[in-house]
Amino acid sequence: MFADNQHSTAPHHAPAGAVVPTHAEAGTGGLVIRVGTPADASLLARLHATSWQMTYKGIMSADFLESRVFAEREAHWQHKMAEWDPAHGEIRIAELNGEPIGFMTVVDDREPQYGIYLDHLHVMPGHKGAGAGKRLIACAEQWARARNARQMYLLAWEANLPARGFYEHLGWYCAEKFEDELVETRAIACRYIYKLEG
C-alpha cells in the first residue's frame, strides 16, 4: 500500500528515537505506540479509509472515496489480518490520550530486492505535529535494523506532495517513478528509499 503520512503498490506491482520492544511504548504528551494485532482489523480499516478520504482527494475517484472506501478497506483489512504473519511484519498503532490517530505496517517479503517495505504510514490529518509519524517510522526502522536490513522502501503517489516532503525531510529519496495501480486508480508512483547503513 502507499505510505501516506496523513497517510500500495508496485505491481503489488500493480504505487528516530529509540523504541523499546514492549507491547506499548509510552511517550510525551499522552502519545503511546502499541503493537497492532489481527483484532485491530476494523480499526485499521477505519483509520485507513479516513486517511484516504482526506489525503487522496483529486488522486482517487471522488465516487470511490465518498461511497465505497470504508467497505473496501474493511474487506481489505479483514483479509490481510486473516493471513497476517508477525514473523514477516509488524503493525504499530499510535494513540493520543487513548484515541487511535495513526498506524504503520512494515513487512520483509513484498519486494525484498528493494529492502524492508514500509507498507503503510497513516496519521490522521487533525493530529499532524504530534510526533506520531516520526515515532511510527522509528518503530519501522528499528524492526528493519533488527533484521540486519540495509535499506527500506515505500511507495507514494507523485501527486501526494505533503507526504513526499515529509519523507524527504527525514532523509528518504525518490529512486524511481512509474505508473502504478491501486484499487480504482492509475497514477504515477514514487519509490522512496531509506539507507540503514551506519
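Here goes a summary of the coordinates provided. All values derive from a computational prediction rather than experimental measurement.

**Concerning the packing of aromatic side chains**
For any pair of aromatic rings, the description consists of the separation of the ring centres together with the inter-plane angle of the planes.
Reasoning step 1: Scanning the entire structure with this criterion turns up 9 aromatic pairs.
Reasoning step 2: Their ring planes at 15° and their centres at 4.6 Å tell us that Tyr117 and Tyr153 sit as a pair that is stacked. With Tyr117 in strand β5 (residues 116-123) and Tyr153 in strand β6 (residues 151-157), this residue pair connects regions lying 36 residues apart in the sequence.
Reasoning step 3: Taken together, the aromatic side chains of Phe166, Tyr167, Trp172, Tyr192 and Tyr194 make up a single cluster linked through ring pairs.

**Remarks on the pairing of strand β7 (residues 173-182)**
Reasoning step 1: Judged from the 9 bridges that link them, β7 and strand β8 (residues 185-195) form a sheet pairing that is antiparallel. Following the sheet pairing, Glu179 is matched in β8 by Ile188.
Reasoning step 2: Between β7 and β8, which pair antiparallel in sequence order, lie 2 residues; one of them, Val183, sits at a positive phi of approximately 55°.

**Some words on unusual backbone geometry**
Peptide bonds are mostly trans, and most non-glycine residues show a negative phi.
Reasoning step 1: Here Asn148, not a glycine, exhibits a phi torsion of approximately 60°, which is positive.
Reasoning step 2: Assignment of secondary structure puts Asn148 in the loop between α4 (132-146) and β6.
Reasoning step 3: With a relative accessible area of 69%, Asn148 lands in the exposed category.
Reasoning step 4: Phi at Val183 takes a positive value of approximately 55°, unusual for a residue other than glycine.
Reasoning step 5: For Val183, the location among the structural elements is in the loop between β7 and β8.
Reasoning step 6: Judged by its relative accessible area of 29%, Val183 falls in the partly exposed class.

**Section: the pairing of strand β3 (residues 89-96)**
Reasoning step 1: Most of β3 is tucked away, with 8 of its 8 residues classed as buried.
Reasoning step 2: Side chains Gly89, Ile91, Ile93 and Glu95 of β3 all project onto a buried face; the interleaved residues Glu90, Arg92, Ala94 and Leu96 project onto the opposite face, where all are buried too.
Reasoning step 3: The sheet contact formed by strand β2 (residues 31-35) and β3 spans 5 bridges and is antiparallel. Bridge assignment links Arg34 to a residue of β3, and that residue is Ile93.
Reasoning step 4: Pairing analysis gives 8 bridges linking β3 to strand β4 (residues 99-107), with the strands arranged antiparallel. Counterpart to Glu95 in the pairing with β4 is Pro100.
Reasoning step 5: Once β3 ends, the chain turns through 2 residues before running back antiparallel as β4, passing Asn97 with a positive phi of about 50°.

**Comments concerning the nonpolar core**
Reasoning step 1: Within the largest apolar cluster, 31 residues are counted, with the highest numbers of intra-cluster contacts made by Met104, Leu118, Leu121, Met152, Leu154, Tyr167 and Trp172.
Reasoning step 2: Elements represented by at least two residues in this core include exactly β2, β3, β4, β5, α4, β6, α5 (161-169) and β8.
Reasoning step 3: Tallying contributions element by element places α4 first for this core, with 7 residues.
Reasoning step 4: Beyond its immediate stretch of four places on either side in the chain, Met104 contacts Glu90, Ile91, Arg92, Leu118, His120, Leu121, Leu136, Cys139 and Ala140.

Rules used in this analysis
Residues numbered from 1 in each chain as written. Predicted model: local features only at pLDDT ≥ 70, side-chain atom pairs only at ≥ 80, totals over all residues. Heavy atoms only, no water. Phe/Tyr/Trp six-rings, centres within 6.5 Å; stacked < 30°, edge-to-face > 60°. Helix = DSSP H or I, 4+ residues; strand = E, 2+ residues; numbered from the N terminus. Pairing = 2+ DSSP bridges. Buried < 20%, exposed > 50% of the residue type's maximum accessible area, 1.4 Å probe, protein only. Core = buried A, V, L, I, M, F, W, Y, C linked by side-chain atoms within 4.5 Å. Contact = heavy atoms within 4.5 Å.

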